[in-house]
Amino acid sequence: MMKVDGQCHCGDVKFTAEIDPAKVFVCHCTDCQTLSGSPFRVVAFGGSVEWQGAQPKKYIKVAESGNRRVQAFCGNCGTPIYSSDDVENPAGVAIRVGCLNQRDQLRPLAQMWCQSAQIWVLDSLTLPQFAKQAH
């Protein structure tokens, strides 16, 4: 396990957690695409989270399977923080790697829901690259 910390974009929600660095995945499911506004999302699976500052707001998404899944995010800026299968007591969470301070240390080891992946994602490696905003 690895101790991590993070926060939302505006800084209202801050937390520490333990994640398993061997369980970092790219998720291409359509829920992750919609909820992140991106073609995929990177998640790190772990245990309990300790909150500092504001508590995240929660949204319950009913999956295609009928399972209920918590989606937690900052109520002020909307930054996605985690998801969990356990609606009442989220002991096991999928933390959004983008809100972690250690994100540069968490290399994904696999990809999930590839049947939903946007076909052009692999092409992005060959696009022109700029160190900062182009214009």
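Let us look at the structure shown here. (Residues numbered from 1 in each chain as written. Predicted model: local features only at pLDDT ≥ 70, side-chain atom pairs only at ≥ 80, totals over all residues. Heavy atoms only, no water.)

### Some details on the overall build of the chain
When helices and strands are tallied, the chain shows one helix and eight strands. Walking the chain from its N terminus toward its C terminus, one meets helices and strands in the order β-β-α-β-β-β-β-β-β. By the compact-globule yardstick of 14 Å for 135 residues, the chain fits well, its C-alpha radius of gyration being 15 Å. Viewed in the frame of its principal axes, the chain has a C-alpha envelope of about 45 × 35 × 30 Å. (Helix = DSSP H or I, 4+ residues; strand = E, 2+ residues; numbered from the N terminus. Rg over C-alpha atoms; globule rule 2.2 N^0.38 Å.)

### Examining the pattern of salt bridges
By the definition in use, this model includes two salt bridges. With a shortest N-O distance of 3.8 Å, Lys 61 and Asp 31 are connected by a salt bridge. Remark: Asp 31 occurs in helix α1 (residues 30–36) and Lys 61 occurs in strand β4 (residues 57–62); sequence separation between them is 30 residues. Asp 31 sits in the partly exposed class, given a relative accessible area of 27%. (Salt bridge = Lys/Arg side-chain N within 4 Å of Asp/Glu carboxyl O. Buried < 20%, exposed > 50% of the residue type's maximum accessible area, 1.4 Å probe, protein only.)

### As for the packing of aromatic side chains
Under the defined criterion, the tally for this structure stands at three aromatic pairs. For the pair Phe 25 and Phe 45, a centre-to-centre distance of 5.8 Å together with 65 degrees between the ring planes defines the contact as edge-to-face. Taken as a pair, Phe 25 in strand β2 (residues 13–27) and Phe 45 in strand β3 (residues 41–53) lie far apart in primary sequence, 20 residues in all. Linked through ring pairs, Phe 15, Trp 51 and Tyr 82 together constitute an aromatic cluster. (Phe/Tyr/Trp six-rings, centres within 6.5 Å; stacked < 30°, edge-to-face > 60°.)

### Some points on the nonpolar core
Membership of the largest hydrophobic core comes to 23 residues, with the highest contact counts inside it found for Phe 15, Ile 19, Ile 81, Tyr 82, Ile 95 and Leu 106. Secondary structure elements with two or more residues in this core: β1 (2–7), β2, β3, β5 (68–73), β6 (80–84) and β7 (93–96). Non-local contacts of Phe 15, meaning those with residues more than four positions away in its chain, are made with Val 4, Asp 5, Gly 6, Gln 7, Val 49, Glu 50, Trp 51, Gln 52, Ile 81, Ile 95, Cys 99 and Leu 100. (Core = buried A, V, L, I, M, F, W, Y, C linked by side-chain atoms within 4.5 Å. Contact = heavy atoms within 4.5 Å.)

### A word on the layout of surface pockets
When its volume is computed, the largest pocket comes out at roughly 600 Å³. Lining the largest pocket are 24 residues; nearest its centre among them are Cys 29, Asp 31, Ala 63, Arg 69 and Trp 113. Counted by class, the lining of the largest pocket contains nine nonpolar, seven polar and eight charged residues. If you add up the space inside the second largest pocket, you get close to 200 Å³. In this structure, the second largest pocket is lined by Val 26, His 28, Phe 40, Pro 108, Ala 110, Gln 111, Val 121, Leu 122, Ser 124 and Leu 125. Looking at the lining of the second largest pocket residue by residue, the classes come out as seven nonpolar, three polar and no charged. (1 Å grid on protein atoms, 1.4 Å probe; cavity = no way out; pocket = protein on both sides within 12 Å on 5 of 7 lines; lining within 4 Å. Points joined across faces, edges and corners; volume = space filled by probe spheres on them. Nonpolar A, V, L, I, M, F, W, Y, C, P; charged D, E, K, R; others polar.)

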